[in-house]
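Single-letter residue listing:
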Amino acid sequence: MKKIFSIFLIAVIALSTCFFATGCKENNKKVIKVNQVTNSIFYAPLYIAINNGYFEDEGYTVDLTTAEGSNTTNVALMTGSADIGLMGPEQNVYSYVNGDSNYPVVFGQLTKRDGSFLISRNNETNFDWSNLAGKHIIAGRKGGSPAMSLQMALENNGYDIENDLTFDTSIAFANISGAFLSGVGDYMTLFEPAASEFVKTGKGYIVAAVGEESGEIPFTCFSANKDYIKNNPDVIIAFLKAIQRGVNYIKTANIDDVVKSLAPSFAGSSNESLKVGMQNYIASDAWNATPMMSEENFNRLISMLKGAGELAQTANPDYNKIIDNNFASLIINEYFA
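Sequence order as written defines residue numbering, which begins from 1 separately in each chain. Residue-level local features of this predicted model are given only where pLDDT is at least 70; pairs of side-chain atoms are given and counted only at 80 or more, and the full residue set underlies all totals for whole chains, interfaces and linings. Excluded from the side-chain calculations are hydrogens and water; all other atoms, namely the structure's heavy atoms, are used.

Caption draft 1: Expanded view of the overall build of the protein chain. Check the secondary structure of the protein chain and you find 16 helices and 10 strands. Along the first, second and third principal axes, the C-alpha atoms of the protein chain reach 90 × 45 × 35 Å. Contacts are assigned to residue pairs that have any heavy atoms within 4.5 Å of one another. Pairs at least 24 residues apart make up 80% of the contacts formed inside the protein chain by residues separated by at least 6 positions. With residues, only the protein chains shown are counted as cover, and all accessible areas are computed by Shrake-Rupley using a 1.4 Å probe. Accessible surface, the protein chain as shown: approximately 15200 Å² in total, 51% of it carbon and sulfur. Positive charges come from Lys and Arg, negative ones from Asp and Glu, while His and the chain ends are left out of the count. We put the charge of a Lys on NZ, of an Arg on CZ, of an Asp on CG and of a Glu on CD. Charge-centre separation for the protein chain: the mean point of 24 positive side chains lies 10 Å from the mean point of 35 negative side chains. Numbering of helices and strands runs from the N terminus; a helix is a DSSP stretch of H or I covering at least four residues, while a strand is a stretch of E covering at least two.

Caption draft 2: Up close: the packing of helix α4 (residues 70–79) against helix α5 (residues 90–97). Every angle, taken between N-to-C directions, lies between 0 and 180 degrees, and every axis is a line fitted to C-alpha atoms, over only the stretch in contact when it is a helix. Two numbers describe how α4 lies on α5: the axes approach to 9 Å, and their chain directions differ by 55 degrees. Overall, the two elements α4 and α5 adopt an arrangement that is oblique. Note on packing geometry: the crossing formed by α4 with α5 is right-handed. Residues S70, N71 and N74 of α4 form the contact with α5, whose participating residues are E90, Q91 and S95. Tallied by class, the residues present in the contact of α4 with α5 amount to no nonpolar, five polar and one charged. When describing relative orientation, an angle under 35 degrees is termed roughly parallel and one over 145 degrees roughly antiparallel, while 65 to 115 degrees is termed roughly perpendicular and anything else oblique. Note: crossing handedness is left-handed where the near helix turns anticlockwise from the far helix by less than a right angle, and right-handed where it turns clockwise. Polarity classes work like this: nonpolar for Ala, Val, Leu, Ile, Met, Phe, Trp, Tyr, Cys and Pro, charged for Asp, Glu, Lys and Arg, and polar for all others, with Gly in that last group.

Caption draft 3: Region of interest: a negative patch on the surface. Nonpolar side chains (Val, Leu, Ile, Met, Phe, Trp, Tyr) within 5 Å and like charges within 9 Å form the patches, drawn only from residues with over 30% relative accessible area and no salt bridge. Here, a salt bridge means any side-chain nitrogen of Lys or Arg that lies within 4 Å of a carboxyl oxygen of Asp or Glu. A cluster of acidic residues, E155, D160, E162 and D164, forms a negative patch at the surface. Tracing the chain through its elements places D160 in the loop between α6 (145–156) and β7 (166–168).

Caption draft 4: Just the nonpolar core, in detail. As used in this record, nonpolar core signifies buried Ala, Val, Leu, Ile, Met, Phe, Trp, Tyr and Cys residues forming a set joined through side-chain atoms within 4.5 Å. Remark: exposure states derive from per-residue accessible area (1.4 Å probe, protein chains only) relative to the maximum for the residue type, with buried under 20%, exposed over 50%, and partly exposed in between. I84, F107, F239, I243, L262, F298 and L305 are the most contacted members of the largest nonpolar core, which totals 79 residues. The greatest single-element share of this core, amounting to 10 residues, is contributed by helix α11 (residues 233–252). What L262 contacts, discounting residues up to four positions off in sequence, is I41, A44, Y47, I48, N51 and M278.

Caption draft 5: Representation of unusual backbone geometry in the model. Each neighbour pair has its own omega, and for E192 with P193 the value is 10 degrees, a cis peptide bond. With respect to the helices and strands, P193 occurs in the loop between β8 (187–191) and α8 (194–200). Positive phi, normally seen in glycine, also occurs at D285, with a value near 55 degrees. Mapped onto the elements of the fold, D285 is located in the loop between α13 (271–283) and α14 (295–307). By relative accessible area, D285 is classed as partly exposed at 37%.

Caption draft 6: Summary view of the sheet that holds strand β6 (residues 136–138). Strand pairing is defined by DSSP finding a minimum of two bridges between the two strands. Taken together, the five strands give an open sheet; going across it, the order is β7-β6-β8-β5-β9, and neighbouring strands pair in mixed fashion. In this open sheet, the two edge strands, each paired with only one partner strand, are β7 and β9 (205–209). Looking at each pair of strands side by side, their axes are set apart by 30 degrees on average, direction ignored. Pairing of strand β5 (residues 116–120) with β8 involves five bridges; the strand directions are antiparallel. Opposite F117, over in β8, you have L190 as the bridge partner. This element, α6, spans β6, β7 and β8 of the sheet and lies at about 160 degrees to β7.

Caption draft 7: Quick peek at the sheet that holds strand β3 (residues 84–87). The strand order across the open sheet built from five strands is β2-β1-β3-β10-β4, with neighbouring strands paired in mixed fashion. Of all strands in the sheet, those bounded by a partner on one side alone are β2 (60–66) and β4 (104–111). Mean inter-strand twist for the sheet, computed between neighbouring axes without regard to direction, equals 25 degrees. Here strand β1 (residues 30–36) pairs with β3 via three bridges, running parallel. Within β3, the position partnered with V34 by the bridge is I84. Seen against the sheet, α4 touches β1, β3, β4 and β10 (220–225) and runs at an angle of roughly 170 degrees to β3. Set on the sheet, α5 makes contact with β3, β4 and β10; between it and β4 the angle comes to about 165 degrees.

Caption draft 8: View of the packing of α6 against α14. Where α6 contacts α14, the two axes come as close as 10 Å, and the packing angle between them is 85 degrees. Between α6 and α14, the crossing angle belongs to the class labelled roughly perpendicular. Note on element contacts: α14 touches α6 through R300, M304, L305 and G307, opposite M148, S149, Q151 and M152. Partitioned by chemical class, the residues of the contact of α6 with α14 number four nonpolar, three polar and one charged.

Caption draft 9: Representation of the pattern of salt bridges in the model. Summed over all chains, the structure comprises eight salt bridges. With its nearest N and O atoms 3.0 Å apart, the salt bridge here joins K142 to E310. In this pair, K142 sits in the loop between β6 and α6 while E310 sits in the loop between α14 and α15 (319–322), placing the two residues 168 residues apart along the sequence. Overall, K142 belongs to the exposed group, its relative accessible area being 53%. E310 gets classed as partly exposed once you look at its relative accessible area, which sits at 25%. A salt bridge links K200 to E197, with the shortest nitrogen-to-oxygen separation between them at 3.8 Å.

Here's what the structure looks like:
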């Protein structure tokens, strides 16, 4: 009996040691607080990096929260409730121009065009942008990237948004589909999977990809306050490594495997909707191949802000102070050498 008890005791100790060692290992993983502008397939590399364990491979876990607006994500950064923000880089420009001392800096670009889709009440199988003349379009929040990008797309098609149609920027981002369902507007814009999910209701139809019409522009980027980047370079490097693995996974994996990796982040969406959404974004070439933002694309962003009246024509934001490509360069050297 003593021998049996001794064996049992040794086994218990061994299991306990293993349990506590594993627990300690998990507890030693550092948490990165990330706030995203919204939950969309548009940001698939981030979710894949989380769900496939790429952050854990780097020794970190991600605490992800959603703001429903780049301006709110920017506030999360400025108040310290988030370490990293996934938001439109226009917020970085606004903070810099406003003279904020610890303004957020872009350290990695994720998407390179608008990820929203134009939805009509009618099934316009031969849609043309000329169809929008005189119509009411729910464009998103004034000063936000979706509204400004849509404005660019309309102006590229010869529209004067003040006189040729109703360009509605009065409705908050999270309330757009609800307003449309209640009868407001002839067209609206939504991101995936919300766009495909809305189409399934039979109340609207995707007729165009805004990003294909407005062209390439730095649309959503990863940012952190200057001080955070200075004090946590190891976090920034590890973060970008995980994200780049997510980008590469989308390029190389089977679409069904990509959907499986996304599914945990979209509990309310069907795999069918996730697949359609991913195919839409892959077809529109949504993601930057690397985290680097070029000065040329930064200048296109500034032109968009000035064209939308959100930035003074005399303003001259400094690319080298708002964009930090040093960490992106390290990632490029590792993944693309």
